[in-house]
Amino acid sequence: MSSTANLHSLGIGLASTNSAGEVIEVFYPRPLLAPGTNLSAGICSALSCPPTDQVLKLSAAQCQNLIGYLDTVLPEHSAEISAMNQSGKQLILTMIAEDKAPGTVAEVYLKLHLLSHRLSKPQTLNLQGAFAILPTLAWTNEGAIAMQELSARQLAARAAGRTLQVNSVDKFPRMSDYVIPAGVRIADTARVRLGAYIGEGTTVMHEGFVNFNAGTLGTAMIEGRISAGVIVGDGSDLGGGCSTMGTLSGGGTEIISVGENCLIGANAGLGFPLGDRCIIEAGLYVTAGTKVLLLDRDDKPISILKARALAGKPDLLFRRNSQTGAVECKTNQTSMALNTELHNNN
Amino acid sequence: MSSTANLHSLGIGLASTNSAGEVIEVFYPRPLLAPGTNLSAGICSALSCPPTDQVLKLSAAQCQNLIGYLDTVLPEHSAEISAMNQSGKQLILTMIAEDKAPGTVAEVYLKLHLLSHRLSKPQTLNLQGAFAILPTLAWTNEGAIAMQELSARQLAARAAGRTLQVNSVDKFPRMSDYVIPAGVRIADTARVRLGAYIGEGTTVMHEGFVNFNAGTLGTAMIEGRISAGVIVGDGSDLGGGCSTMGTLSGGGTEIISVGENCLIGANAGLGFPLGDRCIIEAGLYVTAGTKVLLLDRDDKPISILKARALAGKPDLLFRRNSQTGAVECKTNQTSMALNTELHNNN
Amino acid sequence: MSSTANLHSLGIGLASTNSAGEVIEVFYPRPLLAPGTNLSAGICSALSCPPTDQVLKLSAAQCQNLIGYLDTVLPEHSAEISAMNQSGKQLILTMIAEDKAPGTVAEVYLKLHLLSHRLSKPQTLNLQGAFAILPTLAWTNEGAIAMQELSARQLAARAAGRTLQVNSVDKFPRMSDYVIPAGVRIADTARVRLGAYIGEGTTVMHEGFVNFNAGTLGTAMIEGRISAGVIVGDGSDLGGGCSTMGTLSGGGTEIISVGENCLIGANAGLGFPLGDRCIIEAGLYVTAGTKVLLLDRDDKPISILKARALAGKPDLLFRRNSQTGAVECKTNQTSMALNTELHNNN
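Quick caveat: nothing in here was measured; it's all calculated off a predicted structure. (Residues numbered from 1 in each chain as written. Chains lettered and ligands numbered in written order. Predicted model: local features only at pLDDT ≥ 70, side-chain atom pairs only at ≥ 80, totals over all residues. Heavy atoms only, no water.)

Section: the interface of chain C and chain A
On the chain A side, the residues contacting the 43 residues of chain C number 39 residues. Buried area between chain C and chain A, both sides added, is near 3000 Å², and the carbon and sulfur share of it is 50%. Contact with chain A buries surface across chain C, with Leu155(C), Arg158(C) and Val169(C) losing the most and accounting together for 22% of the total. On inspection of chain C and its partner chain A, the count reaches three salt bridges. For Glu207(A), the salt bridge is made with Arg191(C), and the minimal N-O distance between the two is 2.4 Å. Counting every contact that joins chain C to chain A gives 24 residue pairs in polar contact (both at pLDDT 80 or more). The set of elements that each furnish at least two residues to the side of chain C that touches chain A consists of helix 6 (150-159), strand 8 (166-170), strand 23 (285-287) and strand 24 (291-295) of chain C. (Contact = heavy atoms within 4.5 Å. Buried area = accessible area lost by both parts, 1.4 Å probe. Salt bridge = Lys/Arg side-chain N within 4 Å of Asp/Glu carboxyl O. Polar contact = N/O pair within 3.5 Å; in protein donor to acceptor, adjacent residues only side chain to side chain. Helix = DSSP H or I, 4+ residues; strand = E, 2+ residues; numbered from the N terminus.)

Quick look at the structure:
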């Protein structure tokens, strides 16, 4: 059957269910992108299931067969599944044949895992409708709880002399309770949603934030907010409290991004795609519609244009003239100086 | 006795006490506003207490009588009290005859519950002096702990091989550990205090914040800070990191509010009462004293006035001219355009 | 031996170790600055160790000897050590002979404790290289976990039907799990790192943040961010979301500070050392290089200079003229008015 040949992704995970038995969240310790024909076929054979789109609740017998099969081809995952199988919760298999709009909670969670495990980059997966599919849950010290069951659980905890700690009421969990990719620091994990892509070498400080389907492609210092859909290039620095406009807000259709080796100053803001080696000074918010006075190297005015006309252009410095109040843009002096130095070395 | 006829509110809850036996916080699962003569008299009769202002620590016998009485008139609450009665903690009855300045921790907590259960709107309850009445507590994974007992508890936990997680040291707990009203999302519950009023349909994102005696009256997207006393109208959007000046800070006597269907941009700020359908552009802070250049529809200057003169006026757009640096205000073009469209349909 | 005479500091604490037995974090309930010759010599005698720089893992016998010795000279600490000794974790003694760059995790933690216990003020201890010494750890509801052990622990928790809550992935823990100094409120403890110095009477609100080796010297209301190395004087108020530039960022060599009785407005920012009784208006970011129009009492222009030229000068008000867009600085009118009143009383 051809569908296994090009299976998009596959995950075997542990699911929480609500009192109606519906899957409300899934933990996949080892999501697989493009698992390949052999593995997919082998798993389907072990589970006696068709090699196609599905979310399969595994029976005890299926779990044993799966563990047995994987023991030879993917022993580490076999051990993980074996461990999860002791939890008393539901093990599931999720297969995505092709990357279309997800239809189930299990599929959405698999795609969010692919992003946070750095198997898929932001903006490369079809997540259309994901928001509506995910239920709002209470994320507590006793795990994920369906909203309609929450107040009873809160009362039961109080009655037992405890306080149920409700840390978040949201459609998305925090990433850190599912995976921490290698080589990152995240000072306050409440501020990074599952589905964020945090590049190796990235630090997200306490004031930083990263939404799902967004993130950093490499080393970065993030003390500002990376909104849904926003991608930040390698070597860039988002200052404390700075803002990037998300594709979900303001009805924007343009995807905001930050190039490589950029600096967005503290409390500044960005509303258009920023090229490489650009700087926005601290405290300045530049939206796509901000009128900008373009200056040459000698600070002579060239023209006035909207910031969106500078989308993707490299080596720009944005500042507000502290005496005229005009938003100005000029070629990044620091990198120019650097270039001059390099030339001098010739 | 006439006082039960107009009893302001009533709560039966579970109290934490410090080592001196003083009530330091109370959980009321079902606070009652204006409980009515019959219910109040019935409860007082069951408890053999006068129908007046009081905080009564219930004895085991009183608990049984109360449970028995409520079983017929308010069976769900009877079940809740029965459950709490098994906790080993102190059950209390709090009655507030009229809405005057609270005198005890139990009264303050009852009023904070009335707000967060959406029984009373912000700025409608007398909370004078509440701040001074509430003790600062350590809010931990082992519940509320009085400050003088904290270091001993921290050491005891370490000695037992655990770490006592002190999540907050504050007079107010986070709302989510007491109640989550229906139809809301709160991405990081550490940022919403008990006593916040979160309207149905409101999302408080990670960067959002809502203080006590403040909140949203309906659907809202809150990614900025709602300071103490500030009320946000239905359909409004507070952008990431935006600020509203609180009545507690700056000695302000004016109550800041946001009308319906407003948009305060990311990293912007507001220091005066904003009317309906107003916009403050991203990054612009408008205080009551900010001098604003008023423009007509054709961007012709009309006059310069302080922002407080525009308090409550609808359909305004506040922006900083990105070339002259002047803070300008003009009629909200978007809603004007909408009006024109509607007229064209006639 | 002379080194005990001037021992810089000493701590007896409980250490977490990774699977290789290396110390990864230490809790010192009672760090001692300048413990004095007698105490140091007594401890070393009880432990049969030299009175010099060292991190000593205490054996069971050493613990007993130490508890016995301290029972007479420091009975409260003896009781604490006795309690910690029951935890099954490693008790250690850390001695720092003189304040040089730390070489071990245990030394760095001792210095961070000295700061947060208010025994040493920020910027007075040698912390050179501390950042590189500290391992990045996962701070969880089950304690500190080494990164290489994290995914196994996450899986084990899921397998046991729990979720391991990873609250932070950082080199620094939050201060509140180690010490809460007297007389403070910290609304969201995730935002204050161990090594912060929080002065008595300081409130750190939800949006406030305090890095290590930074803090407030007295009463303060902190709703903005105190970056690494920044010191805030008594009586000052940092508005919601305001920013202070840190010595670690931007390659700055200048130490940013805020004087006494200052007000930095909400969403404002500071990039140079601010003198006493200064105000920066809400929403204005003043960096060291910002050109400022200096005004006299009658708002007459005097000169234009860079903000760094005003470093440390008292009684200044910084604002952006809301019509010309120019950043202006004039003598703080409020304090002038106050002075006039005082003179009138003569």
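Focus on the sheet that holds strand 13 (residues 214-216) of chain B
Judged by pairing direction, the sheet is parallel, and its four strands sit side by side in the order 10-13-16-19 (chain B) without closing on themselves. Because the sheet does not close on itself, it has two edges, and the strands there are strand 10 (196-198) and strand 19 (257-258) of chain B. (Pairing = 2+ DSSP bridges.)

Some words on the interface of chain C and chain B
In this complex, chain C contributes 39 residues to the contact, which on the side of chain B involves 43 residues. Roughly 3000 Å² of surface becomes buried between chain C and chain B when both sides are summed, with 49% attributable to carbon and sulfur atoms. Among the residues of chain C in contact with chain B, Arg185(C), His206(C) and Gln323(C) are the three that bury the most area, contributing 22% of the side total. Applying the counting rule to chain C against chain B returns three salt bridges. Of the charged contacts, one joins Asp170(B) and Arg185(C) as a salt bridge, the two residues approaching to 3.3 Å between their closest N and O atoms. Taken together, chain C and chain B are joined by 24 residue pairs in polar contact (both at pLDDT 80 or more). Counting residues per element, the side of chain C that touches chain B draws most heavily on helix 3 (residues 75-84) of chain C, at three residues. Its residues assigned to classes, the side of chain C that touches chain B shows 14 nonpolar, 17 polar and eight charged. (Nonpolar A, V, L, I, M, F, W, Y, C, P; charged D, E, K, R; others polar.)

Focus on the sheet that holds strand 19 (residues 257-258) of chain C
Residue and element names in this part refer to chain C. Spatial strand order, 10-13-16-19: four strands in an open sheet with parallel pairing. Either end of the sheet is taken by a strand with one partner, and the two such strands are strand 10 (196-198) and strand 19. The pairing of strand 13 (residues 214-216) with strand 16 (residues 231-232) spans two bridges and is parallel. Residue pairing in the sheet places Gly215 in a bridge with Ile231 of strand 16.

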